[in-house]
Amino acid sequence: AYVQMTEIIIRNMKNLSDNKQFRFSLSCTVCGKTWYSTPVPFSKADRMPRSDAKSIVYYAVYEKEMQQAVLKAVAEAKKYFNLCPVCKSLVCDHCFMTCDDIDMCVDCATELGEVGEIVSIETSAN
C-alpha cells in the first residue's frame, strides 16, 4: 500500500516548479481543497548556462534536484493525505475517517453506513 500511495501521489501531483524553485500541489478528491508543498530552491537558480555544454550540466542538475524535490513533496503529502482502501481515492485528513473495521473516506463511509471520527478537523491542510 505504501508504494501504491507513493505512485498515486506522484501521478496526481501538479508540478508548479520553475527555474528558481521546485513546488507541487495536490487536491483532495472529496472536498477539492489544494495542498501546496514547501518550496525547495533550485541550487543554480541565478546561474543560467553560458554555453551548450553548460546547458547540459545545468539541466542534468535541475533534473536531479527535481527528482529529490518530488520525493520530499511526496513524504510531506503523506502527512496530509490518505488513500481510501474502498474507492482508492486520495483524500485529505478532513475527508478521511477512522472507523471500527477499516478507515475510509467520508464518501465511502456515508455510502456504506459506517460511522467514525474525522482524522483532522483543522481548517486547512497547509
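Residues numbered from 1 in each chain as written. Predicted model: local features only at pLDDT ≥ 70, side-chain atom pairs only at ≥ 80, totals over all residues. Heavy atoms only, no water.

### Some remarks on the overall build of the protein chain
Scanning the protein chain for helices and strands turns up 3 helices and 10 strands. Mapped in sequence order, the helices and strands of the protein chain form the string α-β-β-β-β-β-α-β-β-β-β-α-β. Expected size for 126 residues packed as a compact globule is a radius of gyration near 14 Å; at 18 Å, the protein chain overshoots this value by more than 25%. When the 126 residues of the protein chain are sorted by exposure, 39% land in the buried category. Considering only intrachain contacts with a sequence separation of at least 6, the fraction spanning at least 24 residues in the protein chain is 45%. For the protein chain, the exposed area adds up to about 7,900 Å²; of that, 53% sits on carbon and sulfur atoms. The positive charge centre, built from 14 side chains, and the negative charge centre, built from 16, are 15 Å apart in the protein chain. (Helix = DSSP H or I, 4+ residues; strand = E, 2+ residues; numbered from the N terminus. Rg over C-alpha atoms; globule rule 2.2 N^0.38 Å. Buried < 20%, exposed > 50% of the residue type's maximum accessible area, 1.4 Å probe, protein only. Contact = heavy atoms within 4.5 Å. Areas by Shrake-Rupley, 256 points an atom, 1.4 Å probe, with all protein chains shown as cover. Lys, Arg positive; Asp, Glu negative; His and termini not counted. Charge placed at Lys NZ, Arg CZ, Asp CG, Glu CD.)

### Thoughts on the nonpolar core
Among soluble globular proteins, nonpolar side chains are generally buried collectively. Core analysis: the biggest nonpolar cluster contains 35 residues, and Ile9, Met13, Phe22, Phe24, Leu26, Phe81 and Leu90 have the highest contact counts within it. Every element with two or more residues in this core is listed here: α1 (2–12), β3 (24–27), α2 (52–77), β6 (81–83), β7 (90–92), β8 (96–99), β9 (104–105) and α3 (106–112). The dominant element in this core, judged by the number of residues it contributes, is α2, at 8 residues. Once you skip the residues sitting within four places of it in the chain, Ile9 turns out to touch Leu26, Val74, Ala77, Lys78 and Leu90. (Core = buried A, V, L, I, M, F, W, Y, C linked by side-chain atoms within 4.5 Å.)

### Description of the pairing of β8
Alignment of β8 against β9, held across 2 bridges, turns out to be antiparallel. Bridging across to β9, Phe96 finds its partner in Cys105. In sequence, β8 turns back onto β9 through a hairpin of 4 residues. Sheet topology places β8 next to strand β10 (residues 116–118); 3 bridges connect them, and they run antiparallel. When the bridges of β10 are listed, Cys99 appears paired with Gly116. (Pairing = 2+ DSSP bridges.)

### Section: the sheet that holds strand β4 (residues 34–36)
As summarised here, the arrangement of the 3 strands in space is β1-β3-β4, forming an open sheet in which the pairing is antiparallel. Looking at the sheet topology across the chains shown, the edges are occupied by β1 (14–15) and β4. Both β1 and β3 contribute to a ladder of 2 bridges, which runs antiparallel. In the sheet register, Asn15 faces β3, and the bridge partner there is Phe24. Docked against the sheet, α2 engages β1, β3 and β4, running at close to 35 degrees with respect to β3. (Axes fitted to C-alpha atoms, helices over the stretch in contact; angles between N-to-C directions.)

### Structural notes on unusual backbone geometry
Positive phi, normally seen in glycine, also occurs at Lys88, with a value near 65 degrees. Within the element layout of this structure, Lys88 appears in the loop between β6 and β7.

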